[in-house]
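# Geometric and topological summary
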Amino acid sequence: LKQVTPLEMGIKYFEMYPEDKEPVWQDPCVYKRHMQIWSANKSCDRLPKFLVVGPQKTGTTALYKFLQIHPAILANYNSPDTFEEVQFFNGNNYHKGIDWYMEFFPVPGNATSDFLFEKSANYFDGELVPYRVHSLLPKAKIICILIDPAKRAYSWYQHMKARGDQIAGNYTFHEIITAPDSAPRKVRELRNRSLIPGIYVQHLQKWLEFFPSRQIFIIDGGRLKSNPVAVMHNVQRFLHIEPHYDYNDYLRFDPKKGFFCQVSSANKSECLGRGKGRHYPPMNETSVEFLEQFYRKNNVALSKLLSKHKYRIPDWLEKELSD
Ligand code: A3P
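Residues numbered from 1 in each chain as written. Predicted model: local features only at pLDDT ≥ 70, side-chain atom pairs only at ≥ 80, totals over all residues. Heavy atoms only, no water.

The name recorded for the chain in an unreviewed UniProt entry is [heparan sulfate]-glucosamine N-sulfotransferase, from Mytilus coruscus.

In structure tokens:
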């Protein structure tokens, strides 16, 4: 029998089991043994009851703002380094641990009736995210928004261009989406960020491996734009949230913005900033055709997956398939 220091033992262990190097956070309050070693002044009430997972450019900010109107819904505090979103489950922040994560949430006044949530729009297509979310928050409800993936890709490109991204400034949208694998790395990266989140079926399948469909709510992003009042009605029903709010009193179409905006207490429109609901020229025909081709197989598979799980087919998908 050999005696070694704990450090040496640790090194040996991770040599033997390299897969254990990645931590997996679980809810300490679910297991009795964890609870016993969990400090008395800590609480599991500061974990979200639901997550808005994206994908990016589908209307996630609008939904986030609309949810915050509800008195029983409490959003996360903003993160100073990740453009407001917490982005815990998808990247290196995960290694900062659950105490770090909980700091982003207020202590709820009433843990049963208050609904804490966070929105991180790139959770949807993050490889490890469904597994990690399920490990920590197995009962959480998941909300995602789907729009025509071609429009999503174009919106992402326009977003990067407006933010001064050099690649988006130097290459046309068509050049980006059709870039070959031999293209420079940054061009491929923009191509991938434009195209890959829109392969909805692949990402949704991953979520459905970990969560039953009754825990996942899919919003038709077209409806969120054209009739957010009806969408918010359905979201509240899905969450079983009380009191039920009539969003007719809080949202109003603003002709100047071209979108629904929040109605302030002074009866003024409070719209999202200039970066949301941008004006840009329509996509050119060749890109439309390319993307139609690119997403067709995935869209067919998506409609099958949605039907299998008894989801309503979004209007844009119905139209896409009938075309
Ligand atoms: P565009 O700016 O390309 O039109 P996200 O918040 O996920 O980044 O999504 C941004 C998109 O939300 C916008 O993309 C816009 O089309 C859409 N959107 C939906 N409802 C909106 C609203 N009420 N106000 C502004 N944008 C809205």
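## Regarding the state of the cysteines
By the definition in use, this model includes two disulfides. The residue that forms a disulfide with C29 is C44, at a sulfur-sulfur distance of 1.7 Å. Where C29 bonds to C44 through sulfur, the torsion about that S-S bond is close to 80°, and the disulfide is right-handed. Of this pair, C29 sits in the loop between α1 (6-16) and α2 (32-37) while C44 sits in the loop between α2 and β1 (50-54), and the two are 15 residues apart along the sequence. Residue C29 is classed as partly exposed on the basis of its relative accessible area, which comes to 30%. (Disulfide = S-S within 2.5 Å. Helix = DSSP H or I, 4+ residues; strand = E, 2+ residues; numbered from the N terminus. Buried < 20%, exposed > 50% of the residue type's maximum accessible area, 1.4 Å probe, protein only.)

## Here's the deal with the sheet that holds strand β8 (residues 269-270)
Spatial ordering of the open sheet is given by β6-β7-β8, a layout of three strands whose pairing is antiparallel. One side of each edge strand has no neighbouring strand; the edge strands of this open sheet are β6 (251-254) and β8. Relative to strand β7 (residues 259-263), β6 runs antiparallel, the two being bridged by four bridges. Within β7, the position partnered with L251 by the bridge is Q262. (Pairing = 2+ DSSP bridges.)

## Let's talk about the UniProt feature "active site" (unreviewed entry) in the chain
Taken from the UniProt record, the annotation "active site" (unreviewed entry) applies to K57. Inspection of the secondary structure puts K57 in the loop between β1 and α3 (60-69). The exposure class assigned to K57 is buried, which follows from its relative accessible area of 15%. Excluding residues within four positions of it along the chain, K57 makes contact with I147, R152, S155, W156, H159, G275, K276 and R278. (UniProt positions renumbered as here; feature names shortened; annotations may be inferred. Contact = heavy atoms within 4.5 Å.)

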